[in-house]
Amino acid sequence: MSRLTVLYFASLRDAAGVASESVDADSGDLRGLYESLRERHGFVLPAQRLRVAVDGAFAHWDDAPRAGSEVAFIPPVSGG
Amino acid sequence: MKRFLLSPQPFEIAPLREQLLNAHAGAYASFEGWVRDHHGGRAVAGLRYESYAALADSEGERIVDEAIERFAIVDARCVHRVGDLAIGELAVWVGVSAAHRDAAFAACRFIIDETKGRVPIWKHERYADGEAGWLHPTPPEAS
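Quick caveat, the model's predicted, so the values are computed rather than measured.

1. What about the environment of A132(B)?
Examined against the element boundaries, A132(B) turns out to sit in strand β9 (residues 132-134). If sequence neighbours within four positions are ignored, A132(B) has contacts with H124(B), E125(B), R126(B) and Y127(B).

Here is the structure:
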């Protein structure tokens, strides 16, 4: 069990109702972590449409969640 | 020196252009993105940009570094607004100096295109009919 912080942005934050939360990750990878949070908060976007970052750098969905890290789920961007 | 910046306030272009002045440069190209009053056939009243600042800073900086590596340019800058913006406000600015115009235009386009596609910034539009929503465009197929 890894206790970590997740950050939500844009529509994910609206759906979750919070910008960040502390979670216990019992999944083997970040994809599994997202799927469990998607179920809990009802996120519409599938993982394939997102990117994931750990501690301020882009990461891979297959990476294992690390205790104490900050995981950010990045919905499709729309700057410019 | 930081070449990519997020700006929570309106910013002046002249001092940014001045940073690009260089005796080796014979060309300067810039791009300004403005907030327009329509999107997808709907009237837009205003918008808000939010970012994941830590990652937006590093990804934006990487894009400008890539432009300097790929094109024969002297230097480049990019500034993107965050926060609430009204119609007509400057949302994003790119400036590039180069020995010749071809590279300046190409690098300028590269920086704005990559910024729109990669930097974690999100647009929340408020429509004239009272609705509002986040834009999460379908990304182009990875090449």
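Structure shown, so let's carry the discussion forward.
2. Observations regarding the packing of helix α2 (residues 53-70) of chain B against helix α3 (residues 101-118) of chain B
Residue and element names in this part refer to chain B. Two elements in contact, α2 and α3, have axes separated by 10 Å at closest approach and are oriented at 150°. The angle between the axes of α2 and α3 places the two elements in the roughly antiparallel class. Note on packing geometry: the crossing formed by α2 with α3 is right-handed. Note on element contacts: α3 touches α2 through F110, I111, E114, T115 and R118, opposite E59, R62, I63, E66, A67 and R70. Its residues assigned to classes, the contact of α2 with α3 comprises 4 nonpolar, 1 polar and 6 charged.

3. Looking at the sheet that holds strand β4 (residues 57-59) of chain A
Residues and elements named next belong to chain A. The strand order across the open sheet formed by 5 strands is β2-β1-β5-β3-β4, and the pairing between neighbours is mixed. With partners counted over all chains shown, the strands left at the sheet margins are β2 (20-25) and β4, one partner each. Taken over all neighbouring pairs, the strand axes of this sheet differ in orientation by 35° on average, direction set aside. Pairing between strand β1 (residues 2-7) and strand β5 (residues 70-74): 3 bridges, direction parallel. Among the inter-strand pairings, T5 is bridged to a residue of β5, identified as E70. The sheet contacts of helix α2 (residues 30-41) involve β1, β2, β3 (51-54), β4 and β5, and relative to β2 the element is tilted by about 120°.

So, how was this worked out
- Along each chain, numbering runs from 1 in the same order as the chain's sequence is written.
- All chains are assigned letters beginning at A, and all ligands numbers beginning at 1, according to the order in which they are written.
- Since the coordinates come from a predicted model, pLDDT governs what is reported: local features require at least 70, and pairs of side-chain atoms require 80 or more to be given and counted, while whole-chain, interface and lining totals use all residues.
- Hydrogens are left out, water is left out, and the side-chain values use all remaining heavy atoms of the structure.
- Helix and strand definitions follow DSSP, with helices as H or I runs of at least four residues and strands as E runs of at least two, each counted in order from the N terminus.
- Residue contacts are counted whenever heavy atoms from the two residues lie within 4.5 Å of one another.
- Lines fitted to C-alpha atoms define the axes, with helix axes restricted to the stretch in contact, and inter-axis angles between N-to-C directions lie between 0 and 180 degrees.
- When describing relative orientation, an angle under 35 degrees is termed roughly parallel and one over 145 degrees roughly antiparallel, while 65 to 115 degrees is termed roughly perpendicular and anything else oblique.
- Left-handed describes a crossing whose near helix is turned anticlockwise from the far helix through less than a right angle; right-handed describes the clockwise counterpart.
- Think of it as three bins: nonpolar holds Ala, Val, Leu, Ile, Met, Phe, Trp, Tyr, Cys and Pro, charged holds Asp, Glu, Lys and Arg, and polar takes everything else, Gly as well.
- Paired strands are those between which DSSP finds at least two bridges.

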